[in-house]
Amino acid sequence: MSSSTVSANLNLVELNKGFKIDNKCLTQLMKEKNLDLLQDLGGTDGIASALEADSERGIHDEKDNVARHREAFGSNTYSKPPSKSLFHFMWQASKDLTIVILLGCAALSLGFGIKQDGLKEGWYDGGSIFIAVVLIVAISAFSDYRQNKQFEKLSKASDDIPIDVVRGGRRQKVSIFEIVVGDVVFLKIGDQVPADGLFLYGHSLRVDESSMTGESDHVEVDCSNNPFLYSGTKVVDGYGRMLVTSVGMNSSWGQMMSLISHENNEQTPLQEKLSKFTPLLAKIGLAVAFMVFVVLLVRYFTGNTKSENGSFGKFKGGKTRLDDVANALLDMVAVAVIIVVIAIPEGFPLAVTLTLAYSMKKMMADHALVRRLSACETMGCATIICTDKTGTLTLNEMKVVKFWIGKKSVEDDAAHSSIPVSILDLIREGVAFNTTGSVYKPNSGSGFEFSGSPTEKAILSWAAVELNMDIAELKQNCTIQHVEAFNSQKKRSGVLVGRKADNTIHVHWKGAAEMIVDMCSSYYDASGVTNDLGEDERMQFKKIVQGMAASSLRCVAFAHKQVQESKRNHENDSKMLEEHNLILLGLVGLKDPCRPGVREAVEACQFAGVQVKLITGDNVFTAKAIATECGILRPNDQEMVREAVVEGEEFRNYTPEQRMQRVDGIRVMARSSPFDKLLMVQCLKQRGHVVAVTGDGTNDAPALKEADIGLSMGIQGTEVAKESSDIVILDDNFATVVTVLRWGRGVYANIQKFVQFQLTINVATLVVNFVAAASAGEVPLTAVQLLWVNLIMDTMAALALATDKPTKELMERPPVLRSEPVITYLMWRNVFAQALFQVAVLLILQFEGRSIFGVNEKVNNTMIFNVFVLCQVFNEFNARSVEKKNVLKGSHKNKLFWAIVGITIIVQVVMVEFLKKFADTERLSWGQWGACIGISAISCPISWVVKCIPVPAKPIFGYLKKDNTITP
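Read on for an overview of the structure. Just so it is clear, the structure is predicted and the values come from calculations on it, not from any experiment. (Residues numbered from 1 in each chain as written. Predicted model: local features only at pLDDT ≥ 70, side-chain atom pairs only at ≥ 80, totals over all residues. Heavy atoms only, no water.)

Here's the deal with helix 20 (residues 535-550)
Operational definition: Numbered from the N terminus, helices here are DSSP runs of H or I no shorter than four residues, and strands are runs of E no shorter than two. For a helix, the expected span equals 1.5 Å multiplied by the residue count minus one. Partly exposed describes any residue whose relative accessible area lies between the buried limit of under 20% and the exposed limit of over 50%, with all areas from a 1.4 Å probe on protein chains only and scaled to the type maximum. Taken from the helix axis, the directions to the C-beta atoms give the arc we talk about. The contact criterion used is simple: two residues touch if any of their non-hydrogen atoms lie within 4.5 Å.
Across its 16 residues, helix 20 extends 22 Å between first and last C-alpha, which sits within 8% of the 22 Å expected from 1.5 Å per residue. By the burial criterion, the buried members of helix 20 are Phe541, Ile544, Val545, Met548 and Ala549. Seen end-on, helix 20 carries its buried residues on one side only, within an arc spanning 135°. Within helix 20, the exposed residues directed more than 90 degrees away from the buried face are Glu535, Asp536 and Lys543. In the core, the buried residues of helix 20 are packed alongside strand 10 (399-405), helix 19 (513-518), strand 17 (520-524), strand 19 (553-563), strand 20 (582-591) and helix 23 (620-630). Looking one or two residues beyond helix 20, the residue adopting positive phi is Ser552, at roughly 65°.

Considering helix 22 (residues 598-607)
When helix 22 is considered as a whole, its buried residues turn out to be Val598, Ala601, Val602 and Cys605. An end-on view of helix 22 places all buried positions within 100° of arc, on one side of the element. Turned more than 90 degrees away from the buried face of helix 22 sit Glu600 and Phe607, all of them exposed. Once helix 22 ends, the next one or two residues include Gly609, with phi positive near 80°.

Notes on the side chain of His560
Applicable threshold: In protein, a polar contact requires one atom able to donate a hydrogen and another able to accept it; more generally it is a pair of N or O atoms within 3.5 Å, and residues adjacent in sequence count only if both atoms are side-chain atoms.
For His560, the location among the structural elements is in strand 19. There is a polar contact of 2.9 Å between the side chain of His560 and the side chain of His506. When neighbours within four sequence positions are excluded, His560 is seen to be in contact with Leu426, His506, Val507, His508, Tyr524, Leu582, Ile583 and Leu585.

Topic: the pairing of strand 2 (residues 170-175)
Our working definition: Note on pairing: two strands pair once DSSP finds at least 2 bridges between them.
Sheet topology note: the strand 1 (residues 162-167)/strand 2 ladder contains six bridges and is antiparallel. Looking across to strand 2, one finds that Pro162 is bridged to Ser175. Linking strand 1 back to strand 2 in an antiparallel pair, the connection comprises two residues, with Gly168 at a positive phi of about 60°.

Section: the side chain of Thr44
One can find Thr44 in helix 4 (residues 43-50). Beyond its immediate stretch of four places on either side in the chain, Thr44 contacts Leu38, Leu198, Phe199, Leu200 and Leu243.

Structural notes on a positive patch on the surface
Applicable threshold: Here a patch means residues that are over 30% exposed by relative accessible area and free of salt bridges, tied together within 9 Å if like-charged and within 5 Å if nonpolar (Val, Leu, Ile, Met, Phe, Trp, Tyr). Per-residue and other accessible areas follow the Shrake-Rupley method at a 1.4 Å probe size, with only the shown protein chains counted as cover for residues. Salt bridge criterion: a side-chain nitrogen from Lys or Arg within 4 Å of a carboxyl oxygen from Asp or Glu. We score Asp and Glu as negative and Lys and Arg as positive, and we do not count His or the chain ends. Charged groups are reduced to one reference atom each: NZ for lysine, CZ for arginine, CG for aspartic acid, CD for glutamic acid.
Taken together, the side chains of Lys805, Lys808, Lys893 and Lys895 make up a positively charged region of the molecular surface. Within the secondary structure layout, Lys895 lies in helix 34 (residues 895-913). On the basis of relative accessible area, Lys895 is assigned to the exposed category, the value being 70%.

Focus: empty space enclosed by the protein
Definition in use: Two kinds of site are reported from a 1 Å grid over the protein atoms alone, namely cavities, where a 1.4 Å probe fits but cannot get out, and pockets, open sets with protein on both sides within 12 Å along at least five of seven lines, and residues are called lining when an atom falls within 4 Å of a point. Grid points are joined across faces, edges and corners, and a volume is the space filled by probe spheres set on the points. Three classes are used: nonpolar for Ala, Val, Leu, Ile, Met, Phe, Trp, Tyr, Cys and Pro, charged for Asp, Glu, Lys and Arg, and polar for all others, with Gly counted as polar.
Counted under the stated rule, the structure contains three cavities of 30 Å³ or more. Taken as a whole, the largest cavity spans an internal volume of roughly 50 Å³. Lining the largest cavity are Leu426, Ile427, Gly430, Asn434, His508, Trp509, Lys510, Phe558, Ala559 and Leu585. Among the residues making up the lining of the largest cavity, the classes are represented as six nonpolar, three polar and one charged. In this structure, the second largest cavity encloses a volume near 40 Å³. Forming the walls of the second largest cavity are Ala764, Thr765, Val768, Asn769, Pro780, Leu781, Leu842 and Phe868. Residue composition of the lining of the second largest cavity, grouped by class: six nonpolar, two polar and no charged.

Examining the environment of Glu579
Turning to its location among the elements, Glu579 is positioned in the loop between helix 21 (565-574) and strand 20. As a C-alpha pair, Glu579 and Met519 span 60 residues in sequence and 6.2 Å in three-dimensional space. For Glu579, the residues in contact, after removing those within four places along its chain, are Arg492, Trp509 and Met519. Among the polar contacts made by the side chain of Glu579, one reaches the side chain of Arg492 at a distance of 3.1 Å.

Notes on the packing of helix 33 (residues 857-878) against helix 37 (residues 939-946)
Angle between the axes and distance between the axes are the two parameters that describe a pair of packed helices. For clarity, the cut-off: Lines fitted to C-alpha atoms define the axes here, with helix axes fitted over just the stretch in contact, and angles between the N-to-C directions of these axes take values from 0 to 180 degrees. What makes a crossing left-handed is the near helix being turned counterclockwise from the far one by less than a right angle; a clockwise turn instead makes it right-handed.
As a packed pair, helix 33 and helix 37 sit with axes 9 Å apart at the nearest point and diverge in direction by 35°. Crossing hand, helix 33 versus helix 37: right-handed. When helix 33 is examined against helix 37, the residues Phe874, Asn875 and Asn878 are found in contact with a partner set consisting of Ser939, Cys940 and Ser943. Here the contact of helix 33 with helix 37 is built from residues that sort into two nonpolar, four polar and no charged.

A closer look at the pattern of salt bridges
Under the counting rule described, the total for this entry stands at 28 salt bridges. With its nearest N and O atoms 3.4 Å apart, the salt bridge here joins Asp726 to Arg372. Linking Asp726 in the loop between helix 29 (719-724) and strand 26 (727-729) with Arg372 in the loop between strand 8 (368-370) and helix 14 (374-379), this pair joins segments that are 354 residues apart in sequence. The buried category is assigned to Asp726, whose relative accessible area is 11%. Between Asp664 and Arg687 there is a salt bridge, and its shortest N-O distance comes to 2.8 Å. In this pair, Asp664 sits in the loop between helix 26 (656-662) and strand 23 (668-670) while Arg687 sits in the loop between helix 27 (674-686) and strand 24 (691-695), placing the two residues 23 residues apart along the sequence. Since its relative accessible area comes to 43%, Arg687 is described here as partly exposed. Sharing partners across several salt bridges, the network here consists of Asp164, Arg171 and Lys173.

Topic: the environment of Ser851
Summarising the element assignment, Ser851 is placed in helix 32 (residues 825-853). On the basis of relative accessibility, which here comes to 55%, the residue Ser851 falls in the exposed class. Looking at Ser851, its side chain comes within polar contact range of the main-chain oxygen of Glu848, at 2.9 Å.

Description of the sheet that holds strand 24
Read from one edge of the open sheet, eight strands run 8-26-25-24-9-21-23-22, paired in mixed fashion. On the outer flanks of this sheet lie strand 8 and strand 22 (645-647), each paired with one strand and no other. Here the strands of the sheet are splayed against their neighbours by 20° on average, with no regard to which way each runs. Here three bridges tie strand 25 (residues 709-713) to strand 26, and the two strands are oriented parallel to one another. Among the inter-strand pairings, Ser712 is bridged to a residue of strand 26, identified as Val728.

A short note on the packing of aromatic side chains
Rules: Aromatic pairs are defined between Phe, Tyr and Trp rings, using the six-membered ring for Trp, whenever the two ring centres lie within 6.5 Å; interplanar angles under 30 degrees are classed as stacked, those over 60 as edge-to-face, and all others as tilted. Comment: the charge-over-ring label is applied if NZ (Lys) or CZ (Arg) is within 6 Å of the ring centre and within 35 degrees of the ring normal.
Applying the stated criterion to the full structure yields twelve aromatic pairs. Relative to Tyr145, the ring of Phe89 has its centre 6.3 Å away and its plane inclined at 70°; by these criteria the two rings are edge-to-face. Placement of Phe89 in helix 6 (residues 86-94) and of Tyr145 in helix 8 (residues 124-159) is noted, with a sequence separation of 56 residues between them. Exposure remark for Phe89: the relative accessible area of 13% places this residue in the buried category. We classify Tyr145 as partly exposed; its relative accessible area is 23%. Aromatic pair Phe897 and Trp898: ring centres 6.0 Å apart, planes at 85°, arrangement edge-to-face. What makes Phe897 buried here is its relative accessible area of 0%. Residue Trp898 is classed as partly exposed on the basis of its relative accessible area of 40%. Put simply, the rings of Phe403, Trp462 and Phe558 touch in pairs and so form one group of aromatic residues. Sitting over the ring of Phe186, Arg171 keeps its end group 4.0 Å from the ring centre.

With respect to the nonpolar core
Stated precisely, the cut-off is as follows: Here, nonpolar core refers to any group of buried Ala, Val, Leu, Ile, Met, Phe, Trp, Tyr and Cys residues whose side-chain atoms link them within 4.5 Å.
Ranked by size, the top nonpolar core spans 77 residues in total, and within it Trp788 and Val867 carry the most contacts. Residues contacting Trp788, with those up to four places away along its chain left out, are Met796, Phe865, Val869, Thr904, Val907, Gln908 and Met911. Ranked by size, the runner-up nonpolar core spans 63 residues in total, among them Cys594, Val602, Val737 and Leu759.

Observations concerning unusual backbone geometry
Among all residues except glycine, the phi angle is most often negative; among peptide bonds, the trans geometry is most common. A positive phi is found at Glu52, a non-glycine position, where the angle reads about 55°. Since its relative accessible area comes to 34%, Glu52 is described here as partly exposed.

Thoughts on the packing of helix 32 against helix 36 (residues 926-937)
Note the threshold: Roughly parallel here means an angle under 35 degrees, roughly antiparallel means over 145, roughly perpendicular means 65 to 115, and every remaining angle is called oblique.
The N-to-C vectors of helix 32 and helix 36 enclose an angle of 150°; their axes lie 12 Å apart at closest approach. For the element pair helix 32 / helix 36, the angle class is roughly antiparallel. As for how helix 32 packs across helix 36, the hand of that crossing is right-handed. The segment helix 32 lies against helix 36, with Phe837, Val841 and Phe853 engaging Ala931, Ile935 and Ser936. Within the contact of helix 32 with helix 36, the residues separate by chemical class into five nonpolar, one polar and no charged.

Dropping the structure here:
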């Protein structure tokens, strides 16, 4: 674009919905990083003007104006590949080999049946198998479709980032999707740049552009050399403001994001372990199915089948029609295939996915957003939780409650009036300029609005309300020349300010009290006189700080120094502020009350065998006070307290052997840096612990990644911290961490319930079919009946058992160890007991049922089918607890469980009583129904008795120890 064209565009021609610039021009500017074009457009001020925006006040806040910007320049959303339809999942499910074989059997059976008996009667056998297969495919596909929709919804929630913008002069948070071209966005360390834009104002702003360029070096952004900021990049240092120039698909990140679909192909540790167990069952199933087929084949052609009216008829040499032989062979193949279908536990991954999706949905309602599926399971194994203090154990509602000038505490407004004006002016100046927060006073005359971190908001509020600070007037009288932004290692921030009235230069520092005091060589007393800060005075200030810290106050100090011109030039060159021989202005103590219920939450963790460690940047006295208040420390054991509390520097300076020796006993680490937190996590993992860590800052990212479960904070957490974490705690509350722990244990327990239930059916089905085929040349259940049992086993039982809410009992047992098998000896005990009962009942009915009940073979086969299904219904209740005898406890809370049981019983009644041709059944009398229910119900007292039998904790089979353990 030529400069003459640009000039014409900007001077008179309104290109785009009333704006004097269009998307094409802005996109070209950002894509080419064209500084010449930027100058031709009038610089950032010219572009802001063309976009009807102000670099200080942003765009006008009216809805119509925001909508006009969005209509003209687009929304900040990305077009994504269309989500997969239900038919896609049905097609995927129908490509399964066993389903294809069954459909082939159904087609052949349908053809032979229609040829033999005509369309009216001949379609029943093949049609029944076909309908049953279609039902299984449809239900399985619908379940996968629902879970995919759920994951898409959670993914969208994860992408919805709150962004700080200024509109109409008022700083506010809006969704990243609501950002429009012309918005002025505030950026600080850890933020993700939400759109393409131009740098307006800021200090020491550096960004990580590796997501765009692949280069790991951080890029410095400033007004003159590189004012370009790109969406998707991360702020790693400094702070600033940017003018949004391109959003959504017009941004440089937009095209890249459009190619990314949030598919959830992640396999969790539990799924991996169960998938290793599946081939073993598949081999057993194939072996049994092959033997059943061979036995049926041999007995059929030797004429040794039980009767002419059995499942396959009776072969009579040349008298048997070829169609009858073909139908018999097809039925045998279908039965063998369905035995394989039942033996292969397809329900394992479905159950894991269901319980994870259910848990993720419920955890979202409990203020926890799961970003990685495996974290749900791993959290159930956690043995250590390392937590922050601010906002997690406390409310994150800071308020200045103590103010010291020199050695004098200023308690009330009257005392404020006695402080010399010169001292108050210096404090106001330091608060106004050495901050990343802001103050907004509406024109209506209502109260102030403060924004920024809780600490910044508390100090700004105190200065504006108590000290009558007028931030607008101060900004008119002074200019900021250099800023050193706060970071968690130095625990301080500084600013170089030039006064316009007398051309003097002043440096202001603010930060952790003991660190700021160490930078000072003198202090102002309450009368405004400067005094030397000798060793005695330092000790007195140290005691003041310790006294406030012991009352759970965060101590912040202010220091000041006038800088000479020569030093100022040196500072501008070196980018370093004067930090020695400062004058201490004053101290403030900020109160952040503990969250209600946090002590109970900590005690719940301890009772569950999970140790809680406090890792904080606060000094040791504040840390001890908070830890005691929350129940992490027990004050009555002073010897234990001394061993349990350590400072970050001390821990860092231990030898590796000392760290490993002491790490388990440490409960509180104060004045810790992010490196200390990382070191703590590494040591704990080396000790064999499963570690969960909370973090909110950019520098917490390494510890969050290193931990087995990284828990970032949703309110105070930076985007870098969130991206490094597995779960986002949306309300920054430690009680939510405990809720996540409980849900993690619930996931594991629900999977175990389902696995126990499915294994019981597997064992019973395989044994019954093999014994019946070998002894009578028949199998007790038809292909359609077996498919119905498989449907109960895979999908419906997964829904019923995988959606139980976590119980209190889960928090009364120790964490699940990494080496503990998924299928425990307790579960095998329950499986073999129930399978033995079902096998015995079905074989007795198979061979003696007609004589016992005085019924014909058709009714007896129906009773066998009915008893088998009802046994599974009662066994669903038994499987609700692996250990507890009272399996009904808490069942009233799971409405889906009762719905599944009800649907199973209703469908079973319909199949027996009304679908004679489809299910190959006969109607049963009330007495026969009573007998079926009575026989099946025996499984409940058997379960109660079996659970009284003690078992050793060691797994029964070696393969379980090798392949079937959880290693999150």
